[in-house]
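So you can see what is in the structure, the chains are spelled out below.
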Amino acid sequence: MTPRSSQETGVLANVRLAGGAAADIVMRDSLIAEIATAPTLETDGATRIEGEGMLVLPGLVDGHMHLDKALAGLPWMPHPAGPTRLSRIETEKSLRGDLPPVQERAANLARQCVAHGTTAIRSHVDIDPDNELTHFHALMEVREMLAGILDLQIVAFPQSGVLRAPGTSGLLEAALTEGADVLGGLDPIAIDNDLDGQLDTLFDIAERCDTGIDIHLHDAGADGLAEINALCERTRACGLAGRVTVSHGFCLGSAAPDEFERTAEAMAAVGVSLATHGGAASPLPPVKALRERGVEVFAGNDNVRDTWSPFGNGDMLERAMLLAWRSGFRTDEDLEVALECASAAGARVLGLEGYGLSVGNRADLFTVDAETPGEAVAQRPRRGVVVKGGRVVAREGEFADASGT
Ligand SMILES: [Zn+2]
């Protein structure tokens, strides 16, 4: 093996690939330059990062998050809201003034996610006539603060509804003009009581701003299915194929077989993807059946220890475990499906370029103390290092990048 010498070269040494082979991973200019399966690569002058024989995987992708709602870093707060979605919306608003700034809480959670191995997040951010664009501007600050450490995609999200909260549509469009990546939406029937009204508004904005849509759809039964099919029809009519996501889509988990087939086929035909957080107490859309029909399914943590939910720590391996558990997955082959939902599938939907553990791709990686990807999902073992663009950004489960603190 020829010795290499470069100030810009780093080597993640002594790791194991998913197939079991020992390897050294050479990283240059933020990319993977070589995956050397012969051990003990000579790398004169390169920065050596010790991999301790751990399994190396591509960085985790959290495809559905709410960073602006986080209570990360604060003392424990018993769950304050009632049992309904409207109660959670109103409770959250009433507590906003008593909490530290959004930037602080969102950055705390983002760093926590990075420490678990996440290198990209799609976060929804609340936009309503009360807070206007303040949460959005806070997440823009967090994105800048963590540039080079975390890829952060921002969804302009109408948490209080679109038609139900006059003025929201203009605020959503303003956020997209200022740098939000994706347009959000929320239960057109349950929240706005106007399926066509909300969707018409959203697709008008999406066309004007040339952006994709990621809409929260919690509505159950016939309402939920009507929403998804209307969304697919508008996606086709507006030429947004491949740029629209249904978040949750709980109705797919309880649909009759013929309704499921019809709706999954409509989603696959126009590339409408599904983001899932594992379903909690709601019906879980069938992950494998959707994938088999051509629907891209990806995962996200959704609410992590906030006024909506007391659960979670931002770990996407834990989210993959929950998704696998609720899906009845047991074999390593199936556990790898859950891992793909928490990594490569999300990367495809988010449009992350150069994602994956191959030469020429971005050096966004992490190590985990597991024999196989299946064990990593089922047991969520300790993490070694998290590498972003060839640079160590976390070690041993702790955020470790001075520029992002
Ligand atoms: Zn959500």
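About the thresholds
Residues numbered from 1 in each chain as written. Predicted model: local features only at pLDDT ≥ 70, side-chain atom pairs only at ≥ 80, totals over all residues. Axes fitted to C-alpha atoms, helices over the stretch in contact; angles between N-to-C directions. Helix = DSSP H or I, 4+ residues; strand = E, 2+ residues; numbered from the N terminus. Parallel < 35°, antiparallel > 145°, perpendicular 65-115°, else oblique. Left-handed = near helix turned anticlockwise from the far one by under 90°. Contact = placed C-beta atoms within 7 Å. Nonpolar A, V, L, I, M, F, W, Y, C, P; charged D, E, K, R; others polar. Domains from an automatic or database assignment. Pairing = 2+ DSSP bridges.

1. Topic: the packing of helix H6 (residues 221-237) against helix H7 (residues 257-269)
Two elements in contact, H6 and H7, have axes separated by 9 Å at closest approach and are oriented at 30°. By the angle class used here, H6 and H7 are roughly parallel. Like other packed secondary-structure pairs, H6 and H7 cross with a definite hand, here left-handed. Contacts between H6 and H7 involve Leu225, Ile228, Asn229 and Cys232 from the former and Glu259, Thr263, Ala266 and Met267 from the latter. Looking at the contact of H6 with H7 residue by residue, the classes come out as five nonpolar, two polar and one charged.

2. Details of the environment of Ile213
Structurally, the position occupied by Ile213 is in strand E10 (residues 212-217). A sequence separation of 31 residues divides Ile213 from Val182, and the C-alpha atoms of the two residues are 5.6 Å apart. Apart from residues no more than four positions distant in its own chain, Ile213 is found in contact with Val182, Leu183, Gly185, Leu202, Ala206, Leu240 and Val244.

3. Points about unusual backbone geometry
The backbone of Asp29 shows a phi angle near 50°, a positive value even though the residue is not glycine. Structurally, the position occupied by Asp29 is in the loop between strand E2 (22-28) and strand E3 (31-36). The residue Asn193 is not glycine, and still its phi comes out positive at about 55°. Along the polypeptide, Asn193 turns up in the loop between strand E9 (182-186) and helix H5 (195-209).

4. Comments concerning the domain arrangement of the chain
You can read the domains of the chain as domain 1 (9-58 + 355-400) and domain 2 (60-350). Contact residues are listed per partner, giving 22 residues for domain 1 and 22 residues for domain 2. Sorting the residues of the side of domain 1 that touches domain 2 by element identifies strand E14 (365-368), helix H12 (373-379), strand E15 (383-388), strand E16 (391-395) and strand E17 (398-399) as the ones contributing at least two each. Its residues placed into classes, the side of domain 1 that touches domain 2 shows 12 nonpolar, five polar and five charged.

5. Some remarks on the sheet that holds strand E8 (residues 151-157)
Strand order in the open sheet formed by eight strands is E6-E7-E8-E9-E10-E11-E12-E13, with parallel pairing between adjacent strands. Taken across any chain shown, the strands that pair with only one partner, and hence form the sheet edges, are strand E6 (60-65) and strand E13 (297-299). Going from strand to strand, the sheet's axes swing by 25° on average, the running direction of each strand aside. Where strand E12 (residues 272-276) lies against E13, three bridges are found, and the strand directions are parallel. Following the sheet pairing, Thr276 is matched in E13 by Ala299. Across the sheet, helix H3 (residues 134-145) touches strand E7 (118-126) and E8, and the angle it forms with E8 is around 175°.

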